[in-house]
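# Chains, contacts and geometry: an overview
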Amino acid sequence: MKNIFHRSILTIFSTIFFTINTAISAQANFTFDEVEIDQNQVVAMAMPPSDLNGYSSYKLIILEQRSNERPCWSESEAGLYPILVEPLLLNFNFSGICGRATDSNGYSIRVDGNDLSVSHRLILQNVGGEIKLFGISLTGDKKLIGRSRGLSNGMMKIFLEPGWQFTKRSYQGKVLGHFYFSYDSFAAKQAEIEQRISEIEAQIPDSLEFYDNTNSAIAEGS
């Protein structure tokens, strides 16, 4: 009886061990990559509750221009915030011309090469007179990803924060339709340094002349 019980325990643990290893192996073999895309060919926008049936909060939508056959959206005058987006793709059959993502099946977050689609969700919130796009973890931690730079009743363009960009999910070299809000901490720090250098250079007067001691000494000795 003892041997039978012992063999049963071993069988159970072996089954558990095999199941865990199979799951880990499957997960390891099912790793998504990302590819860069033209940032000018993609737009994220916040759709207000007034345009949604049964929704009480803003909805995040991404549009992509896949071909130049017809424009997929138009934007209001640049410099006047918030910039309103009109989705022109609703007026024609946009198959092969435009791409669209309207929920978590079509977009997620990726940080430093790590896919956070399981641990984080995207949410739009009205904060301080503008719509902000956050990535929220299961523990409630927030990452600011973008903002509308103003408030309006229309569909507002979301401007990504420094370090964030649009990329697309890929698997074994094949580009998928899924969008990433992708963050590269190294690129973000580099951009921050470059911005700081530009700010310092902007403070230097154009008429400032530097005194050249070497040339001065040569002139005096001649």
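Scroll up for the structure.
Residues numbered from 1 in each chain as written. Predicted model: local features only at pLDDT ≥ 70, side-chain atom pairs only at ≥ 80, totals over all residues. Heavy atoms only, no water.

## A closer look at the pairing of strand β15 (residues 174-183)
Note: strand β7 (residues 107-111) against β15, five bridges, orientation parallel. Note that in β15 the partner of Ile-109 across the bridge is Phe-181. Strand direction decides the pairing type here: strand β14 (residues 164-171) and β15, joined by seven bridges, are antiparallel. Bridge pairing in β15 places Tyr-171 opposite Lys-174. A loop of two residues connects β14 with β15, the two strands running antiparallel in sequence, and Gln-172 in this loop sits at a positive phi of about 50 degrees. (Pairing = 2+ DSSP bridges. Helix = DSSP H or I, 4+ residues; strand = E, 2+ residues; numbered from the N terminus.)

## Some thoughts on the packing of aromatic side chains
In total, this model carries five aromatic pairs according to the counting rule given. Measuring from centroid to centroid gives 6.5 Å for Tyr-107 and Phe-181, while their planes differ by 75 degrees, and the two rings are edge-to-face. Taken together, the residues span a long stretch of sequence, with Tyr-107 in strand β7 and Phe-181 in strand β15 at a distance of 74 residues. Relative to Tyr-183, the ring of Trp-164 has its centre 4.9 Å away and its plane inclined at 45 degrees; by these criteria the two rings are tilted. Separated by 19 residues along the polypeptide, Trp-164 in strand β14 and Tyr-183 in strand β15 bring together distant segments of the chain. Cluster of aromatic residues (ring-pair linked, three or more members): Tyr-107, Phe-166 and Phe-181. Sitting over the face of the ring of Phe-134, Lys-142 holds its NZ or CZ atom 4.5 Å from the ring centroid. Here Arg-169 stacks its cationic end above the ring of Phe-32, 4.1 Å away from the centre of that ring. (Phe/Tyr/Trp six-rings, centres within 6.5 Å; stacked < 30°, edge-to-face > 60°. Lys NZ or Arg CZ within 6 Å of the ring centre and 35° of its normal.)

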